[in-house]
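Take a look at the letters that make up each chain.
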Amino acid sequence: MRNLTKTYPEAAESANKDISFQVREGEIFGILGDNGAGKTTLIKQMVNLLTSNSGDILLYGQPIHNDSLYLSSLVGYMPQESHALNHLTVGEALFFSAHLRGMRRSAAIDERNRLLQTWEMEDLRDHNSARLSGGQRRMLRLAVATAASPETLVLDEPTNDLDPQKRRLVWENLRGLNRERGTTIIFITHDALEAEKIIKRVGILHRGELVVTGAPHVLKRNLKNKLRLEIAFPPGQPPPLPADLVPRRLSATRWQIVLEPHQLSDVIAAMDIDRLADMKLNSATLEDLYFHYVEAV
Amino acid sequence: MSKRFRAQNYPTQVVDLVLIELSNWRWSWRSIVVVSLFVPLFGMVGLSIYARDLGPEALNAVYSGSLVMSLMLGNLGNIQSHVVFMRFQGTLEYFASLPIHKHALMLAIIIAFFLLSLPALLTLLIIGSALLRISLAPHPLLLLVIPLCVLPMSAIGALIGVRAGSPQQGSSLSVLTAFVFAGLGPVLFPAERLPEILRLIGTVNPAARATSALRQTLIGPLGEQIALDLAILFGFTLCVSYLVESKFDWRASHAL
C-alpha cells in the first residue's frame, strides 16, 4: 500500500490519509483501531471495493487495477457485515465460491465438504443462508472467503458476533491456514487480546492515519515493561490509589491501571485487597500497545 | 513475483451465476405467481369483457398485451428489486470478491429471471387463449420473440436497480415505468382505438413493439412489420444494456 488516501464525497475529513505499509507474504497482519478510525475503508480499498483518491496498491508486485480478476482470484475477502448470500444454502454458497475460484466441479464438491467440516457447519449444509443467525452467517462468510484456499485473506472483524467457542475455532483455523498453506492473512479486529495469539505484525490506525506498524514484541519495548492491573470492586467502593496513578475506568465497578513493576508494591499497599471483588495482573498486551500509541497522538 | 491466478472461463462463470441466481425462486415464486400470472390474468379477463364488443382485433390486443404485461411486470419488477436488494444488503460485495466479470453477473440475473418467469407465461398463454377463445398459430420465430420481449424490460429493471437511491424508490420507479410503457402505445388496446399521439409514441415503445411481435408470431398473420419490431426491441436492449454496464459499479455498493 503506497500513500493511500480516501475522502468520501461531501465528507469534511478524509477517511484515510496517506497510508503506506507493506504486508509480507505468509504474514499475519492485524489492523487495530477505534470506531471511525478508517479500518473498514482501508480494507475495502485493499480489496478494490472502494476507489482510492490517491495512492497505489500492489499485490505480489502487480497493481491491482491492471486486471479486474487478478485481485479477486488471489484474495479471499470477508466483509464486516454478514449479509445473506442471495438465497443460497450454505452448501451451495461454498460449492459455487470454490468452483468460481477456478476449482473443477468434483474438487469444488470435496472443498465444500472440507469447509463444512473445518468450520463446523455440517449441520447447516442445507440451510438457507438468508435464515442463518448473525454468528452463523459470519462463519459462512469466513468459510466462503477461505474457499479454494486463496493466497491471501482479508478479513474485516472475523470474530464479531461469535461465542467464545467459535472465536477460538476461528483463530485456530486461521493459524492453521497460515502455518500449513502459507496463507497471508490481513485482518481488522477489536478483539486485540485474542488476536494477539496469532498476529505477527500489527498496524495501529487512528483518525485515518497509520500511527505505527511493527511486530508486537518489538513495539512493546516502548511500553518499558509496563504491567496492567485490572481490579473489580463492590459498587460505590473504589479502592484508594497512589496519587500519581490515574486508572482507566472500564465500568462503574472495574478499573484498569497501567503501571511500572516498581510501582506494584505501592499500589497493593494502598488498596485494601480483601475488599476487592477481583484482581488480575498481566504484562503489556496489544490493547495496551494500542492505547499507548493512540493516546500519544 | 506476480502470481498466476485461477478463474473460470466466461461461459462457466455465466452458467454458475445463472444457477446461483436461480436459487432466487425461493423468494420470487410468490411474486411471479401474483405479478406475472394473476395480475395479467385478471386484467385480461376484465378487459376482455369490454373488448368482446369491439371484435376479434381488440381481443387479440388484450391477449397479447396481457402476455407482454406479464413479462414486463414480472421481469422488470423482480430484477429491479433483486438488484436493489443485492446493492443495499451487501450481497454484491460477495460477487465483487469473486473472480467474475460484472457483466456476467448481470447477464446471469436476466437469464435466471427470464427462466423463472416462463412457467407463469406459459400458464397465462394457455389459460388466456382458452378464456378468450383465441386460436393460436405459433410461428417458430416465437422462440426469438419471447426472449426479445423480456430483454428490454429486464434491462430497464436492471438499470433502475443499479441507479435507485433506495429500495422504496426502486420499486416505485419500476411500477411507474411498467405502466408508462403499457399506456403509451398499442399494448392492451388496438392501435386504431388510440389517439394519434399514442400511436406515434408506440412506434418506439418496446412494450408496443413486443405486443406487435408476440401477436404476429402467436396468433398471426406474420407481416413485414415483424422485422422492424425485432430491430427496435434489439436496439432498445442494446442501448439500455450499455447504460446498465456503464452505470453499474458493484464496488460502490451501498450498505443499509
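Residues numbered from 1 in each chain as written. Chains lettered and ligands numbered in written order. Predicted model: local features only at pLDDT ≥ 70, side-chain atom pairs only at ≥ 80, totals over all residues.

Let us look at the overall build of chain B. A tally of helices and strands in chain B yields 10 helices and zero strands. Secondary structure elements of chain B, listed N to C terminal, follow the sequence α-α-α-α-α-α-α-α-α-α. Expected size for 256 residues packed as a compact globule is a radius of gyration near 18 Å; at 19 Å, chain B falls within 12% of this value. Across its three principal axes, chain B shows a C-alpha extent of roughly 75 × 35 × 35 Å. (Helix = DSSP H or I, 4+ residues; strand = E, 2+ residues; numbered from the N terminus. Rg over C-alpha atoms; globule rule 2.2 N^0.38 Å.)

All right, on to the sheet that holds strand β10 (residues 201–206) of chain A then. Residues and elements named next belong to chain A. Strands sit in the order β7-β8-β9-β3-β10-β11 across an open sheet of six strands; the sheet is mixed. Where the open sheet ends on each side, the last strands, each with one partner, are β7 (75–78) and β11 (209–214). Averaged over neighbouring strand pairs, the angle between their axes works out to 15° when direction is ignored. On the sheet, helix α5 (residues 134–146) packs against β7 and β8 (152–156) and is oriented at approximately 170° with respect to β7. (Pairing = 2+ DSSP bridges. Axes fitted to C-alpha atoms, helices over the stretch in contact; angles between N-to-C directions. Contact = placed C-beta atoms within 7 Å.)

The end-to-end C-alpha distance of helix α10 (residues 225–247) of chain B is 33 Å, a good match for the 33 Å that 23 residues give at a rise of 1.5 Å each. In this structure, the buried side of α10(B) is in contact with α5 (102–131), α6 (142–163) and α9 (206–218) of chain B. (Expected span 1.5 Å × (residues − 1).)

Take the nonpolar core next. Grouped burial of nonpolar side chains is what soluble globular proteins tend to show. Ala143(A), Val68(B), Met72(B), Ile109(B), Cys149(B) and Ala158(B) are the most contacted members of the largest nonpolar core, which totals 149 residues. A total of 17 residues in this core trace back to one element, the largest contributor, which is helix α3 (residues 56–89) of chain B. Among all residues touching Ala143(A), those that are not within four sequence positions of it are Leu94(A), Leu115(A), Trp119(A) and Met121(A). (Core = buried A, V, L, I, M, F, W, Y, C linked by C-beta atoms within 7 Å. Buried ≥ 20, exposed ≤ 12 C-beta atoms within 10 Å, placed from the backbone.)

Facing 32 residues of chain A, the contacting portion of chain B comprises 27 residues. Mapped onto the side of chain A that touches chain B, the elements with two or more residues apiece are α2 (70–74) and α3 (90–100) of chain A. A per-element tally of the side of chain A that touches chain B places α3(A) first, with five residues. Of the residues that constitute the side of chain A that touches chain B, the class distribution is 14 nonpolar, 14 polar and four charged. (Nonpolar A, V, L, I, M, F, W, Y, C, P; charged D, E, K, R; others polar.)

Here we take up the pairing of β8(A). All names here are of chain A. Where burial is concerned, most of β8 is hidden: five out of the five residues are buried. With burial as the criterion, each face of β8 is covered, one bearing Thr152, Val154 and Asp156 and the other bearing Leu153 and Leu155. Pairing geometry for β8 and strand β9 (residues 184–188), over five bridges, is parallel. The residue of β9 that forms the bridge with valine 154 is isoleucine 186. Since β8 and β9 lie parallel, the crossover through helix α6 (residues 164–181) that links them has a hand, and here it is right-handed. (Right-handed = clockwise from strand over helix to strand, strands pointing away.)

Moving on to the environment of Ser72(A). Tracing the chain through its elements places Ser72(A) in helix α2. In this structure Ser72(A) comes out as buried when scored by C-beta crowding, with 24 C-beta atoms within 10 Å. Taking the C-alpha atoms as reference points, Ser72(A) and Thr152(A), separated by 80 residues in sequence, lie 10.0 Å from one another. Not counting the four nearest positions on each side in its chain, Ser72(A) is found in contact with Ser97(B), Leu98(B) and Pro99(B).

This next bit is on the environment of Asn86(A). By the secondary structure assignment, Asn86(A) is in the loop between β7 and α3. Residue Asn86(A) is classed as buried on the basis of its 25 C-beta neighbours within 10 Å. Residues Asn86(A) and Asn128(A), 42 residues apart in the sequence, show an inter-C-alpha distance of 9.0 Å. Among residues more than four places away in sequence, those in contact with Asn86(A) are Ile20(B), Ser23(B), Asn24(B) and Thr91(B).

Attention now goes to the sheet that holds strand β13 (residues 248–251) of chain A. Residue and element names in this part refer to chain A. Taking strand neighbours across the sheet as the criterion, the four strands line up as β13-β14-β12-β15 in an open arrangement whose pairing is antiparallel. Each edge of the sheet is formed by a strand with only one pairing partner; in this case those strands are β13 and β15 (278–283). When the angles between neighbouring strand axes are averaged without regard to direction, this sheet yields 20°. Here three bridges tie β13 to strand β14 (residues 254–259), and the two strands are oriented antiparallel to one another. Residue serine 251 lies in a different strand from β14, and its bridge partner there is arginine 254.

Residues and elements named next belong to chain B. Contact geometry of helix α1 (residues 10–22) with α5 gives a least axis separation of 8 Å together with a crossing angle of 45°. Looking at the two axes, α1 sits oblique to α5. In the packing of α1 onto α5, the handedness of the crossing is right-handed. Taken together, the residues of α5 that come into contact with α1 (itself represented by Tyr10, Gln13, Val14, Leu17, Val18, Glu21 and Leu22) are Ala104, Leu105, Leu107, Ala108, Ile109, Ile111, Ala112, Leu115 and Leu116. (Parallel < 35°, antiparallel > 145°, perpendicular 65-115°, else oblique. Left-handed = near helix turned anticlockwise from the far one by under 90°.)

All names here are of chain B. In the contact formed by α3 and α6, the axes pass within 7 Å of each other and the chain directions differ by 30°. Here α3 lies roughly parallel to α6, going by the angle between them. Read as a crossing pair, α3 and α6 show a hand that is right-handed. Taking contact as the criterion, the partners of Val68, Leu71, Met72, Asn75, Leu76, Gly77, Ile79, Gln80, Val83 and Val84 in α3 are, on α6, Cys149, Val150, Met153, Ser154, Ile156, Gly157, Ala158, Ile160, Gly161 and Val162. In terms of residue class, the contact of α3 with α6 is built from 14 nonpolar, six polar and no charged.

This next bit is on helix α7 (residues 167–183) of chain B. All names here are of chain B. Along its 17 residues, α7 runs 24 Å from first to last C-alpha, staying within 8% of the 24 Å computed at 1.5 Å per residue. When α7 is considered as a whole, its buried residues turn out to be Gly170, Leu173, Ser174, Thr177, Ala178, Phe181 and Ala182. Seen end-on, α7 carries its buried residues on one side only, within an arc spanning 160°. Across α7 from its buried face, at more than 90 degrees, point the exposed residues Gln168 and Leu176. Tucked into the core, α7 has its buried residues touching α3, α6 and α9. (Arc of directions from axis to C-beta.)

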